[in-house]
Amino acid sequence: MTNDQIWICVVCGLVYDPVLGLPDEGIPPGTAFEDIPDDWCCPDCGVSKEDFEPHGDSAWIPPRMAV
Ligand SMILES: [Zn+2]
């Protein structure tokens, strides 16, 4: 079971990478999206977690993996 699913805000395109977390928002690295409090909102556009969708394209390479 993996918890490193990347989620994307469908409104503004913000990428949530659980490996990186969102330290500026109080979410430490290693926090799965499912473990973020339900009242959390997108820091960029303010929508709720329900407006994020899992990124399912395995061919997509997260920026952190680009060397
Ligand atoms: Zn957003």
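These numbers come from a predicted model, not from an experiment.

Undergrad: I'd like a description of the coordination of the zinc ion, backed by residues and values.
TA: The protein atoms that coordinate the zinc ion are C9 (SG), C12 (SG), C42 (SG) and C45 (SG), at distances of 2.2 to 2.3 Å. Relative to the metal, the four donor atoms surrounding the zinc ion lie at angles of 104 to 119 degrees, and the coordination shape comes out tetrahedral. Between consecutive donors of the zinc ion, the numbers of intervening residues give the motif C-x2-C-x29-C-x2-C.

Undergrad: Can you lay out the sheet that holds strand β1 (residues 7-9) for me, pointing to particular residues and giving the numbers?
TA: Strands sit in the order β2-β1-β3 across an open sheet of three strands; the sheet is antiparallel. Two strands in the sheet have a free side with no partner beyond their single neighbour: β2 (15-16) and β3 (52-54).

Undergrad: Requested: an account of the environment of N3, with residues and values cited.
TA: Take N3: it is sitting in the segment before β1. For the pair N3 and P18, spaced 15 residues apart in sequence, the C-alpha to C-alpha distance is 7.5 Å. When near neighbours in sequence (up to four residues on either side) are disregarded, N3 contacts P18, G30 and A32.

Definitions and limits used
- Residues numbered from 1 in each chain as written.
- Predicted model: local features only at pLDDT ≥ 70, side-chain atom pairs only at ≥ 80, totals over all residues.
- Heavy atoms only, no water.
- Donors = N, O, S within 2.8 Å, 3.2 Å for Na, K, Ca; no water.
- Tetrahedral: all angles 85-135°; square planar, octahedral: opposite > 155°, others 65-115°.
- Pairing = 2+ DSSP bridges.
- Helix = DSSP H or I, 4+ residues; strand = E, 2+ residues; numbered from the N terminus.
- Contact = heavy atoms within 4.5 Å.

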